[in-house]
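# Coordinates in review
Take a look at the letters that make up each chain.
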Amino acid sequence: MLSWPRLRMRQFAFRAMITVRALLTPVAFGAHAMIFDRDGKVLLARHTYFGALSFPGGGVGRGEPAEAALMRELREELGGLRADPPVFVGLFTHRAGWATNLIALYRLTNAEVEFRPNAEISEIMFVDPADPPAGTSSGSVRRLAEYLAGAPPNPYW
């Protein structure tokens, strides 16, 4: 686990990167995943630069298909992953300072993960999707509630 000063430094660096990117391109595109294991539990990750637990994923590169970016990010962040093919859930918008983030969300089921802590993800946990732990990001909590209720997703992250 990172010390508080190191976490604050990473958060500052992350916000600075987002600000610079917003000045250059005001819209950022990312892909994230709700990953369910065979028991129906969902994977939440603790990113080293973001204090809350959230779905894993990351940025989509220029000209890169969102699903390909998702699978690349999951390999980078989680290590070994075996799961059923990704199913597109929806496209969401999230205002982040001056920028707008567009997030393509996918669902993967029957997942098995061989996680290795790394520079981006310090820990993962499979949790009951109906009862995510305190400290889970509000966007992840909303997506899980919609999924469990079978409700159409709200377009705002």
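In what follows, the structure referred to is the one given above.
Rules used throughout
- Residues numbered from 1 in each chain as written.
- Predicted model: local features only at pLDDT ≥ 70, side-chain atom pairs only at ≥ 80, totals over all residues.
- Heavy atoms only, no water.
- Helix = DSSP H or I, 4+ residues; strand = E, 2+ residues; numbered from the N terminus.
- Buried < 20%, exposed > 50% of the residue type's maximum accessible area, 1.4 Å probe, protein only.
- Contact = heavy atoms within 4.5 Å.
- Areas by Shrake-Rupley, 256 points an atom, 1.4 Å probe, with all protein chains shown as cover.
- Lys, Arg positive; Asp, Glu negative; His and termini not counted.
- Charge placed at Lys NZ, Arg CZ, Asp CG, Glu CD.
- Expected span 1.5 Å × (residues − 1).
- Arc of directions from axis to C-beta.
- Core = buried A, V, L, I, M, F, W, Y, C linked by side-chain atoms within 4.5 Å.

The next subject is the overall build of the protein. In terms of regular secondary structure, the protein is built from three helices and eight strands. Tracing the protein from N to C terminus, the helices and strands come up as α-β-β-β-β-α-β-β-β-β-α. Each principal axis of the C-alpha distribution contributes one length, and for the protein these read about 40 × 35 × 30 Å. By residue count, 38% of the 157 residues in the protein fall in the buried class. At a minimum sequence separation of 6, the contacts of the protein that also span at least 24 residues come to 66%. Here the protein has roughly 8700 Å² of accessible surface; of this, 60% comes from carbon and sulfur atoms. Considering the protein, the positive charge centre built from 17 side chains and the negative charge centre built from 15 side chains are found 9 Å apart.

This part covers helix α2 (residues 66-78). Relative to the 18 Å expected for 13 residues at 1.5 Å per residue, α2 spans 18 Å between its end C-alpha atoms, a close match to the ideal helical length. Taken residue by residue, α2 has A66, A69, L70, E73, L74, E77 and L78 as its buried positions. With its buried residues spanning 135° around the axis, α2 presents them on a single face. Positive backbone phi, approximately 95°, marks G79, located one or two places after α2.

This part covers the nonpolar core. Counting 16 residues, the largest nonpolar core has A33, I35, L70, L74, Y106 and L108 as the members making the most contacts within it. Looking at this core, the elements that each hand over two or more residues are β1 (27-37), β2 (42-47), α2 and β7 (99-115). For this core, the leading source of residues is α2, giving five residues. Apart from residues no more than four positions distant in its own chain, A33 is found in contact with F55, P56, L70, L74, L105, Y106 and L108. Membership of the second largest hydrophobic core comes to 12 residues, among which are V42, L53, L144 and W157.

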